Amino acid sequence: MNSETLDLEFCVPIHLTLTGCHLKELIKSFKNAIGQVFQTIVTEALLYFATKYKENGYLSELSGSSEIIWKSSKGFRLTTIHTIFGKIKVPQLQIQDKQTGKKLYITRLLLGIEPRKRIPRCSKEVWALTGALAPYRVATKLVMPEADAPRRISLFSGFRPTLMDILRSVRSVGKEFSFDIDPTESNVFEADGTGVAILKTGKRGKELKILAQRKKTWGIRIASIHLDHYKRGWDKIFSCIKEQIKILGNVIIVTDGDVSILKGVGDKVNIILQRCLWHIPHEVKYTLWKDKVKRKSDNWVAVLSEILDICRIRKIADEKDEAVLDNMIEKKLIKLDELIAYCQKEGLDYIATFLQNCRGDLFSGVSRKIKGGTTSLIERVMRTINQRINVGVWGHDGALCVAKIRAAYYYNGFDID
């Protein structure tokens, strides 16, 4: 678009019908007038800038013609555009190449919105974000106040989009989102999944799988999202890492040890796995239950206290001497082997097998001095997304789109202007 800065000043007439001077009455009247005011602003600005662009030759560049004329008869036709302030009607500007007769509509082009679209992208983003952050019924109350409830102030100044407008905006905007790896951030990733209630598939019929990338400073960003059946689809999540592996070098993935995640990684790329040290004691409680160990019994206390001590690595993670660090890790592993032997002696087969499977990936991040790379931050991501997903039962596309919008908003910097 033309980079020239132009100053525009004009007056906008406002017609208000008032029955009193109560503040609520004034707010209601002003809300009803906002659409009219915004339509006047858009119309005036559109005509002003179109004229300027015609004079400085920008419209000629658009049409590829050396001489253009306005194509209109008895004034311009009007076209309807849906905005967050209501439907507005603005001139449907059209130019024509005087020599070839070629015509070009420029209204939506100058306004920066898509051609032949009833609702512009900027309006869809507002409604989509509202529908992703709040349940649909709450969203409609925010953007669609009831006509007989003057005390309820609409977030969008009195315009009333329908429930389907919000739902379709969520699906439209969500489908356009794509996530990828940022090569300027760290090479530490986290992977986890959460169940989602999908229609006709059971209580938590499908699993939302998320791959997050650690930032070099603090926090995480979403690198990939996929919704599929349990134990399937992790290969699609990790496909982006396989493409970026040469840029990132060694890649460390922090997981909770889910077998399907490990299978999805595969063995074709050099990926270092690190078990989340927060998840291990959490899973130990579950395996103790499977071994029918009574809560707070001697065996329960012995196993849990020992595994908590083994997984506590805050002090050794700051150790700079590699020889000392290796010695500390070796002692931790010896204590783990002793705990496994104790479980086997006591007949705790589930917990012994679980700890044995954890052993190889327990201190991968510590030994490579990956700061903060031993516990997972993605649990917070799951809770944030589930705050919306847990409200209602979803179709496949709707759940995935809402998850994408929420993830992009909270972790990847997406917002409405």
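Within the chain, the secondary structure is distributed over 17 helices and 10 strands. Each of the 417 residues in the chain was classed as buried or not, and the buried ones make up 46%. When the accessible surface of the chain is totalled, it reaches about 23500 Å², and 52% of it is carbon and sulfur.

Considered as a void within the structure, the second largest pocket measures approximately 390 Å³ in volume. Around the second largest pocket, the lining is made up of 18 residues, and of these F38, T83, I113, C122 and S123 lie nearest the centre. Put simply, the parts of the chain that give the lining of the second largest pocket at least two residues each are α1 (23-55), β2 (78-83) and α4 (121-133). Ranked by residue count, the leading element in the lining of the second largest pocket is α4, at 4 residues. In the lining of the second largest pocket, the residues fall into 13 nonpolar, 2 polar and 3 charged.

The antiparallel open sheet is built from 3 strands, whose spatial order is β1-β4-β5. At either margin of the open sheet sits one strand with a lone partner, and together these are β1 (68-70) and β5 (103-105). Taking the axes of each pair of neighbouring strands and ignoring which way they run, one obtains an average angle of 30 degrees across the sheet.

This part is about the packing of helix α16 (residues 378-389) against helix α17 (residues 396-411). Two elements in contact, α16 and α17, have axes separated by 10 Å at closest approach and are oriented at 130 degrees. Relative to α17, α16 is oriented oblique. Note on packing geometry: the crossing formed by α16 with α17 is right-handed. Along its contact with α16, which presents R380, V381, T384, I385, Q387, R388 and I389, the element α17 presents A399, V402, A403, R406, A407, Y410 and Y411.

A contiguous nonpolar surface patch, about 600 Å² in accessible area, is contributed by I14, L16, L18, L23, L26, I27 and F30. Checked against the element boundaries, I14 lands in the segment before α1. With relative accessibility at 44%, the residue I14 sits in the partly exposed group.

Let's shift gears to empty space enclosed by the protein. Applying the stated criterion across every chain, the model contains 1 cavity of 30 Å³ or more. Taken as a whole, the largest cavity holds about 30 Å³ of empty space. What lines the largest cavity is simply S63, I95, Q96, D97, K102, K103 and L104. Looking at the lining of the largest cavity, the elements that each hand over two or more residues are β4 (94-97) and β5. With 3 residues, the top contributor of residues to the lining of the largest cavity is β4. Tallied by class, residues from the lining of the largest cavity come to 2 nonpolar, 2 polar and 3 charged.

Once that is clear, we can look at the pairing of β2. Of the strand pairs in this sheet, β2 and strand β3 (residues 86-91) are connected by 6 bridges, and their pairing is antiparallel. Note that in β3 the partner of T79 across the bridge is V90. Between the antiparallel neighbours β2 and β3 lie 2 residues.

Let us look at helix α14 (residues 349-359). Of all the residues in α14, the buried ones are I351, A352, F354, L355 and C358. Down the axis of α14, the buried set is contained in an arc of 165 degrees. They therefore lie on one face.

To continue, consider helix α13 (residues 322-345). With 24 residues, α13 should cover 34 Å at 1.5 Å per step; its first-to-last C-alpha distance of 35 Å lies within 8% of that length. Of the residues making up α13, those classed as buried are L325, I329, K332, L333, L336, L339, I340 and C343. Looking at the residues trailing α13, positive phi occurs at G347, about 75 degrees.

L208, I210, I222, I225, V381, I385 and I405 are the most contacted members of the largest nonpolar core, which totals 39 residues. Broken down by secondary-structure element, the contributors of at least two residues to this core are α4, α5 (136-143), α6 (163-176), β7 (206-214), β8 (220-228), α16 and α17. Setting aside residues no more than four positions away along its own chain, I405 makes contact with A128, L129, A132, V170, V173, G174, F177 and F414. In this structure, I313, L339, L362 and F363 belong to the second largest nonpolar core, which totals 28 residues.

All chains considered together, the criterion is met by 9 aromatic pairs. Taken together, the aromatic side chains of Y48, F49 and Y53 make up a single cluster linked through ring pairs. In this arrangement the basic side chain of R388 is found over the ring face of Y136, its NZ or CZ atom lying 4.8 Å from the centre.

On inspection of all chains with the given rule, the structure shows 9 salt bridges. R121 is the partner of E125 in a salt bridge, and the nearest nitrogen-oxygen pair spans 2.7 Å. Of this pair, E125 and R121 both sit in helix α4, 4 residues apart, which is roughly one turn of that helix. Put simply, D309 and R312 hold a salt bridge, and the shortest N to O gap is 2.7 Å. For D309, a relative accessible area of 21% puts it in the partly exposed group. Because the salt bridges share partners, they merge into one network encompassing E306, D309, R312 and K335.

Parameters at a glance
Residues numbered from 1 in each chain as written. Predicted model: local features only at pLDDT ≥ 70, side-chain atom pairs only at ≥ 80, totals over all residues. Heavy atoms only, no water. Helix = DSSP H or I, 4+ residues; strand = E, 2+ residues; numbered from the N terminus. Buried < 20%, exposed > 50% of the residue type's maximum accessible area, 1.4 Å probe, protein only. Areas by Shrake-Rupley, 256 points an atom, 1.4 Å probe, with all protein chains shown as cover. 1 Å grid on protein atoms, 1.4 Å probe; cavity = no way out; pocket = protein on both sides within 12 Å on 5 of 7 lines; lining within 4 Å. Points joined across faces, edges and corners; volume = space filled by probe spheres on them. Nonpolar A, V, L, I, M, F, W, Y, C, P; charged D, E, K, R; others polar. Pairing = 2+ DSSP bridges. Axes fitted to C-alpha atoms, helices over the stretch in contact; angles between N-to-C directions. Parallel < 35°, antiparallel > 145°, perpendicular 65-115°, else oblique. Left-handed = near helix turned anticlockwise from the far one by under 90°. Contact = heavy atoms within 4.5 Å. Patch = residues over 30% accessible without salt bridge, like charges linked within 9 Å, V, L, I, M, F, W, Y side chains within 5 Å. Salt bridge = Lys/Arg side-chain N within 4 Å of Asp/Glu carboxyl O. Arc of directions from axis to C-beta. Expected span 1.5 Å × (residues − 1). Core = buried A, V, L, I, M, F, W, Y, C linked by side-chain atoms within 4.5 Å. Phe/Tyr/Trp six-rings, centres within 6.5 Å; stacked < 30°, edge-to-face > 60°. Lys NZ or Arg CZ within 6 Å of the ring centre and 35° of its normal.

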